[in-house]
Amino acid sequence: MKAATVVPGKPELSAVTELPDPVPEPGELLVRGLLVGFCRIDRDVTEHAHGALPPGQDRMVLFHESVGQAVHAPAISGFQDGDYVVGVVRRPDPEPCEACAAGQWDFCLNGEYTERGIRGLDGFGAQLWTVEPQFAIKVSPGLGALGVLTEPASVVAKAWEQVDMIGRRAYFAPHRALVTRAGPIGLLAALLGVQRGLEVHVLDQVAEGTRPDLVRALGATYHTSLDDLRCEPDVVIETTGSGRLVFEVLQHTARNAITVLTGLAGHHRTMPFPAEAAIGNELMLDNDVVVSSVNANLRHYKQAVQALAAADRNWLESLISRRIPLRHWTDVFDTGPDEVKVVVDLQA
C-alpha cells in the first residue's frame, strides 16, 4: 500500500512511501482509507518537528483527520464490513493517569498520551489502516466520506460542551455567539451555534469569496471588523490563537460571557496578554470566563457525527475546497487564501 510519510522537522523528506499492508490485531478493524484532512498541526509536525516518531521508526505516516470504510470488521467489534469509520486521534498513556483512566484523555495529566499522526503513532494517511474498535467512530452512509470533517467538528463540539458546563455556574441564557475566523474550525463552530438556535456572528479579515458565502449560507452574519459587530456576544469561540484579538474581543462581550480558546498561537506555552486590564476590568467585573479547549474524547466525536448528520450536505461539501490525490499529497502545503478545507484522496 502507499502512504503519505514524513520525518518531523525535515519537510524535504516528505514522500509517498510503499509500505506493507497492515495486519490487524485480533479484534481490530482493517480500514480502506478514503480521505484525510489537512490542518495546521500537520504542517507543524512536518516542518517544525511537533510531536514524535513512533518508537523504532525513522518515518511516520502523517494526518490525523480521517475517514475510511471497514474492509474487515470482526463480529465482536460492533462494526460491519463497509461501514464508514473515523479514527479517534488521541490515546490514553500506557499507564493511565486519573483523567485517562476515566476516559478523558483529552485532559491527560501527565502528558504521556499518544496521537495518531502526531505523537508516537502512525497517522491515517495510508490506503489501509487499522484501528481498535474502542477508538473508532461509525459514520452514517448519508454522511459517507464527508466524515473526514468529524475530527475538527469534535474539537468544536467539546468547545460548546465547555460553554454548557461553565454556563451552569449561574443563570445563563445565551442569545448571541461570536466565532473568530472563518476557517474549518470556525465554520464548524458557527454551524453548531446555528444548530443551537443562537444568533451567530463570524469575524474574519477576508472581505469576499468562499468564507463569507459559507457563513451567510448558514444564516449567520459575517464581519470584517469588531466595530461592525454592534452587539455583545454571550459566547465567543476563538479560533485564531491571537492574544491581541482575544483582548479586543473581551471588550465587546456581554456580562457573564464565556470565551473558549481553540486556536494555537505558535509553539509557546504562554500567550502575551495585557493581564491587569483584561482580568481586572473585562473578566472579574463582568463575571466573564475565558477557558481553553483542545482535542476531544469519544463523546465529542459522537456529538460531532450527530451535528454533521443534521447539517446540509451541500454546505458541508462546500467546506472542501480542494481534493489532492495521494501521489501529490505534499501540495497540501500550498494553500490559497480563499481555501477552507483541503483533503487528500488516498485512493487517487
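Only a predicted model underlies this, so the values are computations on that prediction, with no experimental measurement involved.

(A) A look at the overall build of the chain. Helices and strands together make up the secondary structure of the chain, namely nine helices and 19 strands. Its C-alpha atoms give the chain a radius of gyration of 20 Å, within 12% of the compact-globule value 20 Å for 348 residues. Dimensions of the chain, computed from C-alpha atoms along their principal axes, come out at roughly 60 × 45 × 40 Å. Here the chain holds 348 residues, and the buried ones make up 53% of them. Within the chain, contacts between residues separated by at least 24 positions form 70% of all contacts whose residues are at least 6 apart in sequence. Total accessible area computed for the chain in this model is approximately 15,500 Å², and 51% of it derives from carbon and sulfur atoms. Distance between charge centres in the chain, computed from 30 positive and 44 negative side chains, equals 2 Å.

(B) Structural view of the side chain of Ser14. Considering the arrangement of structural elements, one finds Ser14 in the loop between strand S1 (2–6) and strand S2 (15–18). The buried category is assigned to Ser14, whose relative accessible area is 14%. Here Pro11 takes part through its backbone oxygen, which lies 2.9 Å from a polar atom of the side chain of Ser14. In this structure Ser14 touches Thr5, Val6, Thr46, Arg59, Trp329 and Thr330, once residues within four positions along its chain are discounted.

(C) Seen up close, the nonpolar core. Of all hydrophobic cores here, the largest spans 89 residues; its most connected members are Phe63, Trp160, Ile237, Leu316, Leu319, Trp329 and Val332. Looking at which element gives the most residues to this core, the answer is helix H3 (residues 150–167), with seven residues. Residues contacting Leu319, with those up to four places away along its chain left out, are Leu149, Leu187, Leu188, Leu214, Val340 and Lys341. Formed by eight residues, the second largest nonpolar core is a distinct cluster that contains Leu203, Leu229, Val236 and Leu245.

(D) Up close: the pattern of salt bridges. Scanning all chains against the criterion turns up 16 salt bridges. The partner of Arg90 in a salt bridge is Glu115, with the nearest N and O atoms 3.0 Å apart. Here Arg90, found in strand S7 (residues 90–91), pairs with Glu115, found in strand S8 (residues 114–116); they are 25 residues apart in sequence, far enough to count as distant. The exposure class assigned to Arg90 is buried, which follows from its relative accessible area of 6%.

(E) Representation of the sheet that holds S7. Overall, mixed pairing links the three strands, which are arranged S7-S8-S9 in an open sheet. Since the sheet does not close on itself, it has two edges, and those belong to S7 and strand S9 (120–121), each with one partner.

(F) Examining the packing of H3 against helix H8 (residues 298–310) more closely. Viewed as axis vectors pointing N to C, H3 and H8 meet at an angle of 105°, and their least axial separation amounts to 7 Å. Comparing their axes, H8 and H3 come out roughly perpendicular. In this structure, H3 contributes Thr150, Glu151, Ala153, Ser154, Ala157, Lys158 and Glu161 to the contact, and H8 contributes Arg299, His300, Tyr301, Gln303, Ala304, Val305 and Leu308. Residues that form the contact of H3 with H8 fall into these classes: six nonpolar, four polar and four charged.

(G) Seen up close, the environment of Leu285. Structurally, Leu285 is set in the loop between helix H7 (275–284) and strand S17 (289–292). Placed 222 residues apart in sequence, Leu285 and Phe63 show a C-alpha to C-alpha distance of 43 Å.

(H) Fine view of the packing of aromatic side chains. Applying the stated criterion across every chain, the model contains five aromatic pairs. Ring plane angle 90° and centroid distance 5.5 Å describe the contact between Phe38 and Phe333, whose orientation is recorded as edge-to-face. Here the residue Phe38 occupies a position in the loop between strand S3 (29–37) and helix H1 (40–48), and Phe333 occupies one in the loop between strand S18 (320–325) and strand S19 (341–345), the gap between them amounting to 295 residues. A relative accessible area of 10% means that Phe38 is categorised as buried. Ring geometry for Phe63 against Trp329: centres 5.6 Å apart, planes inclined by 80°, an arrangement best described as edge-to-face. You can see Phe63 sitting in the loop between strand S4 (60–61) and strand S5 (65–72) and its partner Trp329 sitting in the loop between S18 and S19, a full 266 residues away along the chain. In this pair, the class of Phe63 matches that of Trp329, namely buried. Grouping aromatic residues by their ring pairs yields a cluster made of Phe38, Phe63, Trp329 and Phe333. When the ring centre of Tyr113 is taken as reference, the NZ or CZ atom of Arg90 above it lies at 3.6 Å.

(I) Structural detail: the packing of H3 against helix H4 (residues 184–195). Closest axis-to-axis distance for the H3/H4 pair is 9 Å, and the angle between their directions is 50°. Between H3 and H4, the angle falls in the class oblique. Relative to H4, H3 is oriented so that their crossing is right-handed. Between H3 and H4, the contacting residues are Pro152, Ala153, Val155, Val156, Ala157 and Trp160 on the first element and Ile185, Leu188, Ala189, Leu192 and Gly193 on the second. Of the residues in the contact of H3 with H4, the class split is 10 nonpolar, one polar and no charged.

The rules behind these values
Residues numbered from 1 in each chain as written. Predicted model: local features only at pLDDT ≥ 70, side-chain atom pairs only at ≥ 80, totals over all residues. Heavy atoms only, no water. Helix = DSSP H or I, 4+ residues; strand = E, 2+ residues; numbered from the N terminus. Rg over C-alpha atoms; globule rule 2.2 N^0.38 Å. Buried < 20%, exposed > 50% of the residue type's maximum accessible area, 1.4 Å probe, protein only. Contact = heavy atoms within 4.5 Å. Areas by Shrake-Rupley, 256 points an atom, 1.4 Å probe, with all protein chains shown as cover. Lys, Arg positive; Asp, Glu negative; His and termini not counted. Charge placed at Lys NZ, Arg CZ, Asp CG, Glu CD. Polar contact = N/O pair within 3.5 Å; in protein donor to acceptor, adjacent residues only side chain to side chain. Core = buried A, V, L, I, M, F, W, Y, C linked by side-chain atoms within 4.5 Å. Salt bridge = Lys/Arg side-chain N within 4 Å of Asp/Glu carboxyl O. Pairing = 2+ DSSP bridges. Axes fitted to C-alpha atoms, helices over the stretch in contact; angles between N-to-C directions. Parallel < 35°, antiparallel > 145°, perpendicular 65-115°, else oblique. Nonpolar A, V, L, I, M, F, W, Y, C, P; charged D, E, K, R; others polar. Phe/Tyr/Trp six-rings, centres within 6.5 Å; stacked < 30°, edge-to-face > 60°. Lys NZ or Arg CZ within 6 Å of the ring centre and 35° of its normal. Left-handed = near helix turned anticlockwise from the far one by under 90°.

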